[in-house]
Amino acid sequence: MAKFKLIISDPATRKVAISELEGPKAQPLIGRELGEIVDGSLLGLGGRKLRITGGSDKDGIPMRFDIHGGAKKYAVLAGGTGFKPTTPGERRRKLVRGRMITEETYQLNLVVEKQVEEKVEKKIPSKKAEPQAVKGVK
């Protein structure tokens, strides 16, 4: 069974919320990729659109956007997620995970893309003006 720790950041309020999903609630995320926009109602966070920005597995191996699939893979990196070069031009072979969310993924980073606000308006029946007779028209 899948178990995810979700870290949801909201740039509008500059706050972060942490939640966990387990079992059938986590199933809609499996097979999704980094960069996809997910409806918050699938995750129990109704009224929000969330973009998947990153994640890691239980061993702390980060997910990279440019690696296909969801498996671990050694890649030569010059910077970015998973490697910070100490000298200019440095490259190293590092272990990273692909961009697809799998059962082995443990932690996911999500950003609130759009807050959907549902306005509830009371509809008051208004008295419609009765049509007035136009002079000169029979």
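Residue indices follow the written sequence of each chain, beginning from 1 at its first position. Under the rules for a predicted model, residues below a pLDDT of 70 receive no local features and side-chain atom pairs below 80 are neither given nor counted, while totals for whole chains, interfaces and linings still include all residues. Note that the side-chain values use all heavy atoms of the structure and ignore hydrogens as well as water.

Undergrad: So what's going on with the side chain of arginine 97? Which residues, and what values?
TA: Its location among the elements puts arginine 97 in strand β6 (residues 92-97). Any N or O atom pair separated by 3.5 Å or less is treated as a polar contact, with the protein-specific requirement of one donor-capable and one acceptor-capable atom, and with residues adjacent in sequence counted only for side-chain atom pairs. Within polar-contact distance, the side chain of arginine 97 engages the backbone oxygen of glycine 70 at 2.7 Å. Residue contacts follow a heavy-atom distance rule, with two residues in contact if any of their heavy atoms lie within 4.5 Å. The residues touching arginine 97, leaving out its near neighbours within four places in the chain, are Asp57, Ile61, Pro62, Met63, Arg64, Ile67, Gly70, Ala71, Lys72, Thr102 and Glu104. Think of it this way: any DSSP run of H or I at least four residues long counts as a helix, any run of E at least two long counts as a strand, and we number them from the N terminus.

Undergrad: I'd like a description of the side chain of threonine 105, backed by residues and values.
TA: For threonine 105, the location among the structural elements is in strand β7 (residues 105-115). Between buried and exposed lies partly exposed: a residue is buried under 20% and exposed over 50% of the maximum accessible area for its type, with that area taken using a 1.4 Å probe on protein chains only. Since its relative accessible area comes to 1%, threonine 105 is described here as buried. Among the polar contacts made by the side chain of threonine 105, one reaches the main-chain amide nitrogen of threonine 102 at a distance of 3.2 Å. The contact partners of threonine 105, leaving out residues within four places of it in the chain, are Lys3, Phe4, Ser56, Asp57, Met63 and Met100.

Undergrad: Pulling in residues and values, what's your account of the environment of alanine 2?
TA: Tracing the backbone through its elements, the reader meets alanine 2 in the segment before β1 (3-10). With 27 residues separating them in the primary sequence, alanine 2 and leucine 29 have C-alpha atoms 9.4 Å apart. Apart from residues no more than four positions distant in its own chain, alanine 2 is found in contact with Leu21, Glu22, Gly23, Ala26, Gln27, Ile30 and Glu103.

Undergrad: Give a description of the sheet that holds β1 that names residues and reports values.
TA: Note: strands within a sheet are paired through backbone hydrogen bonds, in either parallel or antiparallel orientation. Reading across from one edge, β2-β1-β7-β4-β3 is the order of the 5 strands in this open sheet, with mixed pairing throughout. Lying at the two open borders of the sheet, with one neighbouring strand each, are β2 (15-22) and β3 (37-39). Averaged over all neighbouring strand pairs, the angle between strand axes comes to 35°, with direction disregarded. With 5 bridges joining them, β1 and β7 adopt parallel strand pairing. Paired with lysine 5 across the strands is glutamine 107, a residue of β7. In short, DSSP must find at least two bridges between two strands for them to pair. Where helices are involved, their axes are fitted lines through C-alpha atoms of the stretch in contact, as for all axes, and angles between N-to-C directions lie from 0 to 180°.

Undergrad: Describe in detail the packing of aromatic side chains, supporting the description with residues and values.
TA: Stacked, edge-to-face and tilted labels apply to pairs of Phe, Tyr and Trp rings (six-membered ring for Trp) whose centres lie within 6.5 Å, assigned for plane angles under 30 degrees, over 60, and everything in between, in that order. Applying the stated criterion to the full structure yields 0 aromatic pairs. Against the face of phenylalanine 65 rests arginine 99, its NZ or CZ located 5.6 Å from the ring centre. Any Lys NZ or Arg CZ that is within 6 Å of a ring centre and within 35 degrees of that ring's normal is treated as a charge sitting over the ring.

Undergrad: Could you give me a rundown of the pattern of salt bridges, with the residues and numbers involved?
TA: By definition here, a salt bridge exists when the distance from a side-chain nitrogen of Lys or Arg to a carboxyl oxygen of Asp or Glu is within 4 Å. Enumeration according to the criterion identifies 10 salt bridges in this entry. Close ionic contact of lysine 49 with aspartate 39 constitutes a salt bridge, the shortest N to O distance being 4.0 Å. With lysine 49 in strand β4 (residues 48-57) and aspartate 39 in strand β3, this pair connects stretches of sequence that are 10 residues apart. Under the relative-accessibility criterion, aspartate 39 is labelled partly exposed at 30%. Shared partners join several salt bridges into a network, and the residues in it are Lys58, Asp59 and Lys72.

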